[in-house]
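Each chain, written out:
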Amino acid sequence: MKADNSESLYPNAVLLVQDLSLVLGGQTLFEEVSFVVDEGEIAIIIGPNGAGKTMLIKTILNLRQPAAGSVTIFGRDHRQLGDFHDRIGYMPQRLDFDRTFPITVYEVLLLKLKDAGFWLRSAGPREKILTALAKVRGENLIDRRVGQLSGGELQRILLAYALLTEPELLVLDEPVAGVDVTGEETFYELIHNLQKNEQLTVLMVSHDLDVVYRYADQVLCLNRRLLCRGAPRQVLREDTLEQTYGSYAGAYHHNHH
Amino acid sequence: MPDSVVQLLPFLEYPFMQRALLVGLAIGFLCATIGVYVTLRSMAFFSDAIAHAALAGIALGVIFGIAPVPAAVLFTLVIAVGITYLTFHTELSSDTVIGVFFSGSLALGVLLIGMQEGYQTDLLSYLFGDILAVTRLDVLLALGLAALVMTVLFMRSGLLVKIAFNRDLAAVEGVRVVTWDYIFMTLLALTVAVSLKTVGIILVSALIIVPAAAARNVAPNFRVLMLLSILVGVVSAVSGLIGSYYLNTPSGPTIVLVSIGLFVLSFAARRR
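Now for a quick tour of the structure.

### Quick notes on the overall build of chain A
Here comes step 1: In terms of helices and strands, chain A carries ten helices and ten strands.
Here comes step 2: Looking at chain A as a whole, 52% of its 257 residues qualify as buried.
Here comes step 3: Pairs at least 24 apart in sequence give 64% of the contacts found in chain A among residues at least 6 apart.
Here comes step 4: Carbon and sulfur atoms make up 46% of the accessible area of chain A, which totals about 11,800 Å².

### Re the pattern of salt bridges
All names here are of chain A.
Here comes step 1: Tallying each qualifying case throughout the model produces 14 salt bridges over all chains.
Here comes step 2: For arginine 76, the salt bridge is made with aspartate 83, and the minimal N-O distance between the two is 3.2 Å.
Here comes step 3: Taking the relative accessible area as the measure of exposure, arginine 76 reaches 28% and is therefore partly exposed.
Here comes step 4: A relative accessible area of 55% places aspartate 83 in the exposed class.
Here comes step 5: One salt bridge in this structure joins glutamate 168 and arginine 87, with 2.9 Å as the shortest N-O distance. On the criterion of sequence distance, the pair formed by glutamate 168 in the loop between α5 (151-163) and β7 (169-172) and arginine 87 in the loop between β5 (76-77) and β6 (88-91) is long-range, its members being 81 residues apart.
Here comes step 6: What makes glutamate 168 partly exposed here is its relative accessible area of 34%.
Here comes step 7: Salt bridges linked by common partners bring Glu31, Glu32 and Arg225 together as one network.

### Some points on the sheet that holds β5 of chain A
What links the strands of a sheet is backbone hydrogen bonding, and the strands pair in either a parallel or an antiparallel sense.
Residue and element names in this part refer to chain A.
Here comes step 1: The antiparallel open sheet is built from four strands, whose spatial order is β2-β1-β4-β5. On the outer flanks of this sheet lie β2 (27-38) and β5, each paired with one strand and no other.
Here comes step 2: Examined bridge by bridge, strand β4 (residues 68-73) and β5 share two bridges and lie antiparallel to one another. Its bridge partner lying in β5, isoleucine 73 is registered against arginine 76.
Here comes step 3: Along the sheet, helix α2 (residues 53-60) contacts β1 (13-24), β2 and β4; its crossing angle with β1, the most-contacted strand, is approximately 115 degrees.

### Quick notes on the packing of helix α11 (residues 204-218) of chain B against helix α13 (residues 251-268) of chain B
When two helices pack together, you describe them by how their axes are tilted relative to each other and by the distance separating the axes.
Residue and element names in this part refer to chain B.
Here comes step 1: With their axes 8 Å apart at the nearest point, α11 and α13 run at an angle of 15 degrees to one another. In terms of orientation, α11 and α13 fall into the roughly parallel class. Taken as a pair, α11 and α13 cross one another with a handedness that is left-handed. Contacts between α11 and α13 pair Ala206, Leu207, Val210, Ala213, Ala214, Asn217 and Val218 from the former with Ile255, Val256, Ser259, Ile260, Leu262, Phe263, Ser266 and Phe267 from the latter.
Here comes step 2: Residue classes in the contact of α11 with α13 are distributed as twelve nonpolar, three polar and no charged.

### A closer look at a nonpolar patch on the surface
All names here are of chain B.
Here comes step 1: A contiguous nonpolar patch, built from Ile63, Phe64 and Ile66 and spanning about 300 Å² of accessible area, is present on the exposed surface.
Here comes step 2: With respect to the element layout, isoleucine 66 can be found in the loop between α3 (44-64) and α4 (68-89).
Here comes step 3: Judged by relative accessible area, isoleucine 66 falls into the partly exposed class, the value being 47%.

What counts as what
Residues numbered from 1 in each chain as written. Chains lettered and ligands numbered in written order. Predicted model: local features only at pLDDT ≥ 70, side-chain atom pairs only at ≥ 80, totals over all residues. Heavy atoms only, no water. Helix = DSSP H or I, 4+ residues; strand = E, 2+ residues; numbered from the N terminus. Buried < 20%, exposed > 50% of the residue type's maximum accessible area, 1.4 Å probe, protein only. Contact = heavy atoms within 4.5 Å. Areas by Shrake-Rupley, 256 points an atom, 1.4 Å probe, with all protein chains shown as cover. Salt bridge = Lys/Arg side-chain N within 4 Å of Asp/Glu carboxyl O. Pairing = 2+ DSSP bridges. Axes fitted to C-alpha atoms, helices over the stretch in contact; angles between N-to-C directions. Parallel < 35°, antiparallel > 145°, perpendicular 65-115°, else oblique. Left-handed = near helix turned anticlockwise from the far one by under 90°. Nonpolar A, V, L, I, M, F, W, Y, C, P; charged D, E, K, R; others polar. Patch = residues over 30% accessible without salt bridge, like charges linked within 9 Å, V, L, I, M, F, W, Y side chains within 5 Å.

Structure follows, in structure tokens:
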């Protein structure tokens with residue numbers, strides 16, 4: 001019943017988060033987080049280290065079990081997405097994998113295509129994979145070993161992986177952690193252009209207020225609780241930033257104005 | 001057996017060698033295939049632990065009058081599930097949990113075996129593998145189980161690689177990663193059971209780990225990794241069995257030493 005109510009309240013919602021709390025090992029990582037991301041929107045989560053940003057993303061994606069609250073994606077409970085899984089592209093912050101794992105970019109992307117036989121080389125999947133790689137300007141990486149990629153290249157491959165099944169919702173966890181500034185610029189531009197061209201809805205984590213001002217339709221300030229939410233120019237004020245970042249707010253503020 | 005073949009490969013004259021080689025082929029293939037996933041998931045210690053747990057299973061089988069190999073399968077499954085459950089549900093690290101179960105089940109196995117009189121000679125064949133002990137039923141059981149495990153491994157290889165590569169990515173795509181952890185463990189327990197009589201409890205995990213490790217030294221991609229691992233596994237099992245026939249050595253150690261030799265070669269030729 002609750003889901004029906006929320007759907008009529010938020011007709012354009014792709015993602016609906018209600019009173020979400022996560023407790024791990026007796027420690028509350030975040031609590032009572034509620035927000036809505038509408039279709040075609042870019043929503044950016046900001047907050048200091050340890051604010052619970054990554055855990056919030058993981059809980060939304062049903063990778064962690066919340067202590068309370070609910071998550072609805074495309075109108076379905078996130079635990080029962082069924083074939084809607086294909087409509088979500090996820091890019092983790094760091095790819096936890098063994099760098100010596102002998103697997104090529106082509107093989108990794110092939111894993112995402114459920115109907116493509118993993119052992120048969122055929123033209124169909126390769127073409128699909130090349131199309132996804134072209135979106136991130138990574139066609140030349142197709143036969144490289146994943147372990148040999150630079151940080152920026154690996155991120156583009158992960159983005160191609162997320163885009164492969166042509167998702168409608170893209171969830172990106174701090175996509176530029178560990179990439180140099182020029183690399184950062186192009187990566188956000190890439191996401192921004194993709195979002196416009198493909199009518200994507202984007203939820204991402206960022207630590208960069210410049211990026212937030214430039215690209216976000218909605219900013220979510222997180223520090224254990226949601227401390228502000230709305231259009232960046234309306235809600236990012238000295239007081240909300242100080243609440244979110246504590247004494248470091250001044251430094252953050254200063255850097256970007 | 002045609003005369004010309006027997007002249008070239010005289011050991012094929014003996015039915016026990018025919019049976020041993022059939023089982024050897026099957027387990028070489030099987031251990032090397034599952035070994036690729038075991039090494040990618042850093043589960044070498046886990047596979048060693050459940051292999052050693054098989055000892056207690058065999059002893060329990062003897063005590064309760066159940067066939068030793070099925071009893072070993074059941075017991076290793078219990079241990080495998082126990083390890084996984086505790087790793088998920090406590091703060092203990094997985095190698096600590098494995099260590100507890102490893103020593104516990106091994107101690108239980110030795111204790112139970114010690115209580116049995118006159119069982120010691122048979123025990124040695126389970127510990128180190130004895131090709132003379134391989135019966136026709138063992139051959140059928142080994143081939144059947146190997147076929148079953150191989151079917152699941154190859155039909156679901158994409159899914160297994162995906163989980164090994166990154167669990168979160170797999171889970172976001174709707175893969176039931178925990179369910180597949182339990183399925184994978186069942187397959188591993190079956191693999192160990194199939195290999196008991198030929199390679200033995202002590203060294204079965206070597207035949208699982210070493211071919212995949214050797215292949216990893218040189219493989220440029222996953223397909224080649226799998227093919228080379230299988231090649232090393234089959235060559236080690238078959239030539240190890242033939243070697244043990246001529247040298248009159250236990251089959252398990254002979255097979256494992258051949259695979260170690262191949263590992264050294266691949267290390268020398270490794271990709272840098």
